[in-house]
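Descriptive structure summary
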Amino acid sequence: MQLIQEDPDLSAYLAADEAIDHQHPLVRETAARLAEKAADSYVYAQAAYEYVRDAIPHSADSGDLRVTWRASDVLAQGTGICHAKAHALAALLRAEDIPTALCYQRLTHDAGSGHCVHGLVAVRFRGGWHRQDCRGNKPGVDARFSLDGERLAYLPEVESNEMDYPVLYSAPHPAVLSALKNAPDRPYLWENLPDAL
């Protein structure tokens, strides 16, 4: 699949916004702590990925009912669904000047009813974009940071009307962000996530 930049200006993928608030002190502090041990930007990107994937539980896996959507809140509260965790990873990567996009898949809903949009990031290295899924591993899910072939949590099944969306967004998709911001808790969010973009 050919990934398509929504914005041709690469600097858009370094920008801060209300969800990817990489100028927030907690984001900066977390980025600085991870960067201390990193020899280069690739090592840093992998460390940031593994931190978000492993140290911040996916709220559906942990049973946490809270809904986070702003990167700094994900880091502060230590919880989030795939979209929130993608915002946190994007903020940590952009804080260290690594262009990062948000991207999406359409997958069968966990509840078994219809579909929902799943959130990922793509990082810019070696002159190209590489998708990464930091949702968190569990039985049946073994996602890894990789620039040599994707190691995502899910591979869409065409026969189930699942799909990869090729667009690389510089900011969260408005439908996704609205669902996150308007959800009083995760069960409500689960019923109101967009089923397509």
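Owing to the predicted nature of the structure, the values given are computational and were not obtained by experimental measurement.

The rules behind each value
- Residues numbered from 1 in each chain as written.
- Predicted model: local features only at pLDDT ≥ 70, side-chain atom pairs only at ≥ 80, totals over all residues.
- Heavy atoms only, no water.
- Salt bridge = Lys/Arg side-chain N within 4 Å of Asp/Glu carboxyl O.
- Helix = DSSP H or I, 4+ residues; strand = E, 2+ residues; numbered from the N terminus.
- Buried < 20%, exposed > 50% of the residue type's maximum accessible area, 1.4 Å probe, protein only.
- Phe/Tyr/Trp six-rings, centres within 6.5 Å; stacked < 30°, edge-to-face > 60°.
- Lys NZ or Arg CZ within 6 Å of the ring centre and 35° of its normal.
- Polar contact = N/O pair within 3.5 Å; in protein donor to acceptor, adjacent residues only side chain to side chain.
- Contact = heavy atoms within 4.5 Å.
- Expected span 1.5 Å × (residues − 1).
- Arc of directions from axis to C-beta.
- Pairing = 2+ DSSP bridges.

A separate point is the pattern of salt bridges. If you walk through the whole model with that rule in mind, you get eleven salt bridges. Between R131 and D164 there is a salt bridge, and its shortest N-O distance comes to 2.9 Å. Taken together, the residues R131 in strand 4 (residues 128-132) and D164 in strand 5 (residues 163-164) connect sequence positions 33 residues apart. A relative accessible area of 3% places R131 in the buried class. A salt bridge links D142 to R151, with the shortest nitrogen-to-oxygen separation between them at 3.5 Å. Residue D142 is classed as partly exposed on the basis of its relative accessible area of 37%. Classification of R151 as partly exposed rests on a relative accessible area of 37%. Through salt bridges with shared partners, one network takes in D61, R135 and K138.

Now for the packing of aromatic side chains. Counted according to the given criterion, the structure contains five aromatic pairs. By the ring-pair criterion, three or more aromatic residues cluster together here, those being Y42, Y49, F125 and F145. The lysine or arginine in question, K181, covers the ring of W69, its NZ or CZ lying 5.1 Å from the ring centre. Directly above the aromatic system of W190 lies the positively charged group of R186, at a separation of 5.8 Å from the ring centroid.

A few words now on the side chain of R131. Here the side chain of R131 touches E150 through a polar contact of 2.7 Å, side chain to side chain. In this view, R131 contacts M1, L3, C103, Q105, L120, V121, A122, E150, L152 and D164; residues no more than four positions away in its chain are not counted.

A rise of 1.5 Å per residue sets the reference length of helix 1 (residues 25-36), with its twelve residues, at 16 Å; its end C-alpha atoms lie 16 Å apart and thus fit the reference within 8%. Within helix 1, the full set of buried residues consists of V27, T30, A31 and L34. The arc that holds the buried residues of helix 1, viewed along the axis, is 100°, so those residues lie on one side. Turned more than 90 degrees away from the buried face of helix 1, the exposed residues are P25, E29 and E36. Those residues of helix 1 hidden inside the fold are in contact with helix 2 (41-55), helix 4 (71-77) and helix 5 (82-95).

Let us now look at the pairing of strand 2 (residues 100-108). Of all the nine residues making up strand 2, eight are buried; the element is thus mostly covered by neighbouring parts of the structure. Note that strand 2 and strand 3 (residues 115-125) share nine bridges and pair antiparallel. The partner of T100 across the bridge, within strand 3, is V123. By the bridge criterion, two bridges tie strand 2 to strand 5 in an arrangement that is antiparallel. Along strand 5, the bridge assignment pairs Q105 with D164.

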